[in-house]
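Descriptive structure summary
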There are 2 protein chains.
Amino acid sequence: MSARTERERVELANTTFYEAMESGDFDILSGLWLDGDGDGDGVSCVHPGWPVLSGRGEVLRSYALIMANTEYIQFFLTDVVVSVAADTAVVTCTENILSGGPAEEAGELGPLVGQLVVATNVFRRTSDGWKLWSHHGSPVLTETDEEADDETPA
Amino acid sequence: MSARTERERVELANTTFYEAMESGDFDILSGLWLDGDGDGDGVSCVHPGWPVLSGRGEVLRSYALIMANTEYIQFFLTDVVVSVAADTAVVTCTENILSGGPAEEAGELGPLVGQLVVATNVFRRTSDGWKLWSHHGSPVLTETDEEADDETPA
């Protein structure tokens, strides 16, 4: 298996993670996180602006809560960078998020909100494919401009 | 080498990372990030509120910039959780930060600012010890209370 193939598999796992959020499919999302033989104890998750959540139970409960309060969410991923070393991979990406909560009136969609979030996702290779070990998302609060590509932001 | 020993080594590398920031020692900080044989290309860093920085050059320039603009910084680490798997480790912690910039008047310290930041730090074991592969820090914006220990925050 070439390094290129593994890189593609990691990127696919990363894409699947966001698609599970978009479709609100808790089973797929749950299956993407490390599990079994105590590995699930080591997972961690930081949602934008949240404290750290540790362990599979706490992490998955947070997603159930978010899904219950999200009527609509779409992720446009940009700047996806994959770094693979042996059985671990680090993916960074920009999540350009468009989301809406439940509406005030039945049958309506709540107001849509745009959010700029950056994420660091750590995956581990298991016999069942690449699984999430850690997800850390955070809001981008600084001014961004073209200089961000070759200069550190002030 | 027992798993416990490796865990301690990872935690020591994590502590050294913050001590290097406190003492403003760029050489120690630089030596803590993955280097050599192209490994440095895969490093990534997110400072609180910043976009993703990728590659050793971009990451280290950001630290040089931060150190130049920080007169005083102290980290009180809490909630340190270490998860080790083979040659990779994920550390999450809360950085209770007290910092101050250069003062308006010479010889004075600028106003001190407290910040609550959570971090996910990914380390890789090399022949030269555990080195940083990824650092992601983000501000805690939600209300935190005692429930955070066993319930997901709303």
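Let me sum up the structure you'll find in this document. Small disclaimer: the values here were computed from a predicted structure and weren't measured.

Some points on the overall build of chain A
If you tally the helices and strands in chain A, you get three helices and six strands. Overall, chain A shows an N-to-C arrangement of helices and strands of α-α-β-β-α-β-β-β-β. Intrachain contacts of chain A at a sequence separation of at least 6 include 51% that bridge at least 24 residues. About 7,600 Å² of surface is accessible on chain A, with carbon and sulfur atoms providing 48% of the total.

Some remarks on the interface of chain B and chain A
In this complex, chain B contributes 42 residues to the contact, which on the side of chain A involves 41 residues. Across the interface of chain B and chain A, roughly 3,200 Å² is buried in total on both sides, 66% from carbon and sulfur atoms. Connecting chain B to chain A are zero salt bridges. At the boundary of chain B with chain A, the tally comes to ten residue pairs in polar contact (both at pLDDT 80 or more). If you list the elements that add at least two residues to the side of chain B that touches chain A, you get strand S1 (44-46), strand S2 (53-54), helix H3 (56-68), strand S3 (72-85), strand S4 (88-102), strand S5 (109-126) and strand S6 (129-139) of chain B. Considering every element that reaches the side of chain B that touches chain A, the biggest residue donor is S6(B), with six residues.

Thoughts on the packing of aromatic side chains
All names here are of chain A. Following the criterion strictly, the structure yields ten aromatic pairs over all chains and no others. Taken together, a centroid distance of 6.5 Å and an interplanar angle of 80° make the contact between phenylalanine 17 and tryptophan 33 edge-to-face. Of this pair, phenylalanine 17 sits in helix H1 (residues 3-23) while tryptophan 33 sits in the loop between helix H2 (26-32) and strand S1 (44-46), and the two are 16 residues apart along the sequence. Judged by its relative accessible area of 2%, phenylalanine 17 is buried. Counting every residue linked through ring pairs, the aromatic cluster contains Phe17, Tyr18, Trp33, Tyr63 and Phe75. If you follow arginine 124 out to its NZ or CZ, it ends over the ring of tryptophan 133, 4.6 Å from the centre.

With respect to the relation of the copies chain B and chain A
Superposition record for chain B on chain A: RMSD 0.0 Å, screw rotation 180°, translation along axis 0.0 Å. These values place the two chain copies in the arrangement generated by a two-fold rotation axis. The rotation axis passes nearest to the C-alpha of B:Ser138 in chain B, at a distance of 2.8 Å. Residue by residue, 98% of the interface of chain B is reproduced at the interface of chain A, so both copies engage with the same surface.

Focus on the pattern of salt bridges
By the definition in use, this model includes eight salt bridges over all chains. Its salt-bridge partner being A:Asp87, residue A:Arg125 comes within 2.7 Å of it at the nearest N-O pair. One end of the pair, A:Arg125, is in strand S5 (residues 109-126); the other, A:Asp87, is in the loop between strand S3 (72-85) and strand S4 (88-102), with 38 residues separating them in the sequence. For A:Arg125, a relative accessible area of 32% gives the class partly exposed. Residue class for A:Asp87 comes out partly exposed when judged on its relative accessible area of 41%. A salt bridge links B:Arg56 to B:Asp35; the nearest nitrogen and oxygen atoms lie 3.6 Å apart. In this pair, B:Arg56 is assigned in helix H3 and B:Asp35 in the loop between helix H2 (26-32) and S1, connecting sequence segments 21 residues apart. Residue class for B:Asp35 comes out exposed when judged on its relative accessible area of 51%.

What counts, and where the lines are drawn
Each chain has its residues counted from 1, running along the sequence as written. To read the labels, note that chains go from A and ligands from 1, taken in the order they are written. Reporting of local features is limited, given that this is a predicted model, to residues whose pLDDT is at least 70; pairs of side-chain atoms are given and counted only at 80 or more, and all residues count toward the totals for whole chains, interfaces and linings. Only hydrogens and water are set aside when side-chain values are computed; all heavy atoms of the structure are taken into account. Helix and strand assignments follow DSSP, with helices taken as H or I runs no shorter than four residues and strands as E runs no shorter than two, numbered in order from the N terminus. Two residues qualify as a contact provided that any one of their heavy atoms is within 4.5 Å of a heavy atom in the partner residue. Using a 1.4 Å probe, the Shrake-Rupley method yields the accessible areas, and only the shown protein chains count as cover for residues. Put simply, buried area is how much 1.4 Å-probe accessible surface two parts lose in total, over both of them, once they are put together. Every case where a carboxyl oxygen of Asp or Glu lies within 4 Å of a side-chain nitrogen of Lys or Arg is listed as a salt bridge. N or O atoms closer than or at 3.5 Å make up a polar contact, with two conditions inside protein: a donor-capable atom paired with an acceptor-capable one, and, for residues adjacent in sequence, both atoms drawn from side chains. Aromatic pairs are defined between Phe, Tyr and Trp rings, using the six-membered ring for Trp, whenever the two ring centres lie within 6.5 Å; interplanar angles under 30 degrees are classed as stacked, those over 60 as edge-to-face, and all others as tilted. Remark: exposure states derive from per-residue accessible area (1.4 Å probe, protein chains only) relative to the maximum for the residue type, with buried under 20%, exposed over 50%, and partly exposed in between. The rule is short: NZ of Lys or CZ of Arg within 6 Å of the ring centre and within 35 degrees of the ring normal puts a charge over the ring. Superposing the copies works by least squares over the C-alpha atoms of residues that have pLDDT at least 70 in both of them.

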